[in-house]
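Below are the chains, spelled out letter by letter.
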Amino acid sequence: MVPVYEEVLAFIDGSSDRRFEDLALAVFRHQVEGCAPYRAYCESLGLDPASVVSWQVIPPVPIQAFKEAILSCGPAERVFLSTGTTQGVEKRSRHAMPDLRLYRASAMASMRAFFLPDVERMGLVSLIAPSALRPESSLAQMVAWAAEVFSDGAMIEAAPAGEPDFDSFVDCLRRSEKGGAPLAILTTTAALIRFIDHARKHSLVFRLPHGSRLMDTGGGKGAPRPMSRKGLLHAVWSTLAIPGYFVANEYGMAELSSQYWDSVIRDRHDGVHRPRALLAKPWLRTLVLDPITLEPIGSGSAGLLCHFDLANAGSAMAVLSEDIGIDVGYGLRVTGRAPRAEARGCSLSAAEARVG
Amino acid sequence: MDDGASAAPAVDAAVRRVLTAQPRLERRDPRDLAELVARTAVAWLEPGSPWMQRAVAALAESGPFSRPMLELGLRRMIEPLSYAALEALVRREIGDWSALEQQGGRRLIVHVLPSNLPGHAAIPSALTLLLRCGGLLKSGRDDRVFAPLWVESICALDPEVGACLEPVYWAGAVPAGALEAALAGAGLVVASGGDAAMADLARRCAVAAIPFIGHGHRISAALVVGDAIERRTAAALADDVALWDQLGCLSPQVCFVEGSRLVARQFAEAVCGELAARATALPSGRRSAGETLDLRRFREAAAWRGFGAGERVLYECGGAGDGSIAIEDEVGLRPTPLHRCLRIVAVERVEEALVVLRTHSRLLEGVGVGVGTDAFPGIANRLREIGAHHVVPLGTMQSPDLSWRQGGRPRIAEWCGAIGMQ
C-alpha cells in the first residue's frame, strides 16, 4: 500500500481535507523517487525536486513520453494503450497503472457528478467494445465499471464483438421507448455518427423517455465523416429525442485517469445557466500554455492543454497534451489539435510519411 | 489575389506571350542558347552580382531561409549551369547538338516547381531553352521571387530568348482556372512536389491528353563505413544536413553507421558538434508553428526513449533548429521532421543498411557515402543497383550536377520524347 495513493483516494472520496497543491507536490515527489524515466527527465532539467513548491511548475511529461518509456512508479496492475490519433500512423501510448483503484475511483466519481448526478442507477447501453474484448482500452474499462456502479440491471452490450451491432441497439432503444424507462447510452462519437447515418438510411426514429441521456467520446477518430457538435446534437435530438442538455461529451485520454465532462447535465441539475464547457472534479486541473513557449497564457486564449491529474499518482501526474483549448473561467473548451508541419515540396518528412 | 480563378487571366496572358515568342527560338542555335544560359549563370555567380543580391534580399524577407543559407544555397542551384556541363548533358542523353537543331516540334513546357526550396526555376528553364521550347515557370509558395528575377536576368542578356520564359504563380499545385489556362497551351508538364499533388496533376494532364512527368516524395540517407568514422566525415554529413535546413529531397535524414551502438553515439556527438558550429555560419530559418512543434516532438520522443532506456539517445546541437540527432534502436529508414533532425542507426555490417535501403527504393533518391576513396566505387555501384539515383561522397549531396537523374529519369531525353522531337 502506497501512502500517497491512499491520500489521493481519500481526496477523491471527499474524506481528506488536504489541498490540491499539497497532494500534487507529494505525488510529484513520489514520482521522482519511484519512476526512473521521470527522475531522469527532472535531472536533465537540472531540477531539484525540493525546489518545486507550486503545482503549476511541476514538469509535465509530453504525450511522446508515454510512447517511448514506461512511466510507472511500481509494477503495473494494468497497462492501457491509446487508440492513436487522426493524425497518422504513430506509436501508441502505454499507460501503466500500478494501482487501478485510482482510475476507478476518479472515473466513477466524475461520471456520477457530470453524467448521472440526478439518478442512482438507470438502464445502460454501450456501443463501445467490451473490456473483455479490449482489455487494453481504458475507455472499455471505464464502461465496465459504469455497468457495475450505475446500471440498474445488466448493461446492454451493443458492440459485443467489438463493432456496433445496430440491430441489438435498436431493440434496446425500442424497449426503452415502449417501457418508458430512460436509457443512458455510452458511445464513441464515431459510433454515434455511424448510427445516425444508419438510422437515416433506414428511416429509424426513436422517442426515448425523458431523462434518457447520451455520453459520447473520442472526437472524430474513426468517424465515417466529420460532423459539427451542433449538427451532432441536432441529429441526436431528431433521431433519439434526447435533448442537447442530456448529451454530454466526455474528454478523456489514455494517458490520464480522470476525465473532463460536458457541463450541461450537471448545470441543469444544479440550476445553472451558462454556455456548455468541459468540467472536471477537483483532482484534475489544467493549465493552458502557449504551444511554442509553453508559458501559461491568459484566460480566453487558445493554447496547449497541460493536465495535472492526481489520480495519475502511480504514473505521471502532469501531462502535456496535444490538444488545444481555452480556459473559459469555469471550465475548458477543446478547440482542436496542436498543429503539425504542412507538406512542402518533394522532400519526404515524418509528418507526411506512412512508412516505419 | 492568387487563387486559381483570379490568377487565370494572368496565366492565360503569359501562355499567349510565350506561344507568340517561342517560334523565334527556331532560328537560334542550341549552342548559342547554352552559352546564353551559361552567361546568365555567371551573371548570378560573379562577386557582388546584383541578381543574386536582389534574390537573396527578397527571399530572406519573404521566405523561410536565412540570408547566409540563401547565399550558399542559390549558388549551388546555379553552379551546374556551365556550357561544358550543358554540352556534356546533351551528349550523354541525346547524342549531339544536331538532335536539337531539327525544325518544328517546339512546344510550351509547363514547369510546376516545388515549394520546399528557392531557385528551383534555374535548371528546368535552362534545359527548356536548350530544347528551343518556351517555358511557363509556376513558382512554389515560398519562392515567388527567384523565377521572375531569373527570367529578367536572361532578358537582360537576350530579350528575344527571355521572352520565351514566363514566371507565373497561383496558390496550390492544381487549382481550377489557372491550371486550365496553363494546360491550354502546354505540350508537356514537368512537376515536383508531394505525392498527392502529383497524382492530382497527373490526372488533370491525362484528361487534357498532355504528357506529364512528375517527381513526388523522396528521401535521402547517408552511409558511413567503419574506416571513415572520423571528424571529417561528421563535418561533411553536417554540411549536407544543414544546407537548406534539410528541406531538399537530397538532404539526408537517416545515417547508417557501420559499427557498435557506442561507435554510433561517438559519431553522433561529432556530427552534433559540427551542426552546432554551423548554427552561426549557416543560421536556420523561420519555421511555422507546426514545424516547431514537430521538432519538439522529435526531440521529446528521442529524449524519453533515452530516459526509459537509461542511456543517451538524443543529441541536441543548440536550439531546436540548429540540429537534433536521435540514436535509433531499430534498423530502418524513418523520416524526420527535417530542419536538421537526423536519425543515426548503428549497423553491424553495411549489408544491413543496404537491405533497408532496398526495401524503400521506391522513395529513395540520394545516398551520401562516407568511405575510403578506394572503396567508394564499389559501394556506390551497389547503392545504384538498389535504386539510389544520386550516390556521392558525403558533403556533396546537395550539390548535384546535371548528371543527377532525379527519380532515375533522364534530364532532357524524356522531355524530347514527350514533345515529339526525334
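Residues numbered from 1 in each chain as written. Chains lettered and ligands numbered in written order. Predicted model: local features only at pLDDT ≥ 70, side-chain atom pairs only at ≥ 80, totals over all residues. Heavy atoms only, no water.

Looking now at unusual backbone geometry. Residue and element names in this part refer to chain A. Phi at Ala241 takes a positive value of approximately 65°, unusual for a residue other than glycine. The topology assignment puts Ala241 in the loop between α9 (229-240) and β8 (247-251). On the basis of relative accessibility, which here comes to 11%, the residue Ala241 falls in the buried class. Even without being glycine, Leu294 reaches a positive phi, approximately 65°. Mapped onto the fold, Leu294 is located in the loop between β11 (284-289) and β12 (302-309). (Helix = DSSP H or I, 4+ residues; strand = E, 2+ residues; numbered from the N terminus. Buried < 20%, exposed > 50% of the residue type's maximum accessible area, 1.4 Å probe, protein only.)

Here we come to the environment of Ala238 of chain B. Residue and element names in this part refer to chain B. Assignment of secondary structure puts Ala238 in helix α11 (residues 231-242). Ala238 sits 49 residues away from Val189 along the chain, and the two C-alpha atoms are 35 Å apart. Those residues in contact with Ala238 that lie beyond four places of it in its chain are Val271, Glu274, Leu275 and Arg278. (Contact = heavy atoms within 4.5 Å.)

With that settled, consider helix α13 (residues 289-309) of chain B. Residue and element names in this part refer to chain B. Relative to the 30 Å expected for 21 residues at 1.5 Å per residue, α13 spans 30 Å between its end C-alpha atoms, a close match to the ideal helical length. Taking burial as the measure, the 21 residues of α13 include 17 buried ones, the bulk of the element. Backbone geometry just downstream of α13 places Gly310 in the positive-phi region, at approximately 75°. (Expected span 1.5 Å × (residues − 1).)

Let's shift gears to the packing of aromatic side chains. If you walk through the whole model with that rule in mind, you get 21 aromatic pairs over all chains. Geometrically, the ring pair formed by Phe20 of chain A and Trp55 of chain A is edge-to-face, given 5.4 Å between the ring centres and 85° between the ring planes. Here Trp55 of chain A lies in the loop between α3 (36-44) and β1 (61-62) and Phe20 of chain A lies in helix α2 (residues 20-34), a separation of 35 residues in the sequence. When sorted by exposure, Phe20 of chain A lands in the same class as Trp55 of chain A, which is buried. Ring geometry for Trp304 of chain B against Phe307 of chain B: centres 5.1 Å apart, planes inclined by 85°, an arrangement best described as edge-to-face. Residue Trp304 of chain B and its partner Phe307 of chain B are located together in helix α13, separated by 3 residues, close to a single helical turn. Classification of Phe307 of chain B by relative accessible area gives buried; the value is 16%. An aromatic cluster of at least three residues, connected via ring pairs, comprises Phe28, Tyr38 and Tyr41 of chain A together with Trp304 and Phe307 of chain B. The lysine or arginine in question, Arg207 of chain A, covers the ring of Trp237 of chain A, its NZ or CZ lying 5.4 Å from the ring centre. (Phe/Tyr/Trp six-rings, centres within 6.5 Å; stacked < 30°, edge-to-face > 60°. Lys NZ or Arg CZ within 6 Å of the ring centre and 35° of its normal.)

Taken together, the contacts link 36 residues of chain A with 40 residues of chain B. Roughly 3,100 Å² is buried in total at the junction of chain A and chain B, and carbon and sulfur atoms are behind 62% of that figure. The largest contributions to the chain A side of the interface with chain B come from Arg344, Cys346 and Leu348 of chain A, which together make up 27% of the buried area. Across the pair Glu68 of chain A and Arg305 of chain B runs a salt bridge, and its minimum N-O distance is 3.4 Å. For the side of chain A that touches chain B, the secondary structure elements donating two or more residues are α3, β1 and α4 (63-68) of chain A. A total of 5 residues in the side of chain A that touches chain B trace back to one element, the largest contributor, which is α3 of chain A. A per-class count over the side of chain A that touches chain B returns 23 nonpolar, 6 polar and 7 charged. (Buried area = accessible area lost by both parts, 1.4 Å probe. Salt bridge = Lys/Arg side-chain N within 4 Å of Asp/Glu carboxyl O. Nonpolar A, V, L, I, M, F, W, Y, C, P; charged D, E, K, R; others polar.)

This paragraph deals with the domain arrangement of chain B. Residues and elements named next belong to chain B. Per the domain assignment, the segments of chain B are domain 1 (4-217) and domain 2 (219-393). A straight line from the C-alpha centre of domain 1 to that of domain 2 covers 32 Å. Counting residues at the interface gives 19 residues for domain 1, matched by 15 residues for domain 2. The three residues of domain 1 that bury the most area against domain 2 are Pro64, Met69 and Leu117, which together make up 36% of that side's buried surface. At the level of elements, α3 (50-62) and α4 (67-78) are the ones that each hand at least two residues to the side of domain 1 that touches domain 2. The leading source of residues in the side of domain 1 that touches domain 2 is α4, at 8 residues. (Domains from an automatic or database assignment.)

What follows concerns the sheet that holds strand β6 (residues 219-224) of chain B. Two modes of strand pairing occur in sheets, parallel and antiparallel, and in both the strands are linked by backbone hydrogen bonds. All names here are of chain B. With respect to topology, 7 strands assemble into an open sheet ordered β8-β9-β10-β7-β6-β11-β12, the strand pairing being mixed. Two strands close off the open sheet at either side, each with one partner strand: β8 (314-316) and β12 (390-393). On average, each strand axis in the sheet is tilted by 20° relative to the strand beside it, whichever way the strands run. Both β6 and strand β7 (residues 252-258) contribute to a ladder of 5 bridges, which runs parallel. Along β7, the bridge assignment pairs Ala221 with Val254. (Pairing = 2+ DSSP bridges. Axes fitted to C-alpha atoms, helices over the stretch in contact; angles between N-to-C directions.)

With that out of the way, let us pick up the side chain of Ser257 of chain A. Residues and elements named next belong to chain A. Considering the arrangement of structural elements, one finds Ser257 in the loop between β8 and β9 (260-262). Using a relative accessible area of 1% as the deciding quantity, one classes Ser257 as buried. For Ser257, the side chain forms a polar contact with the side chain of Asn312, separated by 2.6 Å. Among residues more than four places away in sequence, those in contact with Ser257 are His95, Met97, Tyr103, Ser106, Ala107, Asp309, Ala311 and Asn312. (Polar contact = N/O pair within 3.5 Å; in protein donor to acceptor, adjacent residues only side chain to side chain.)

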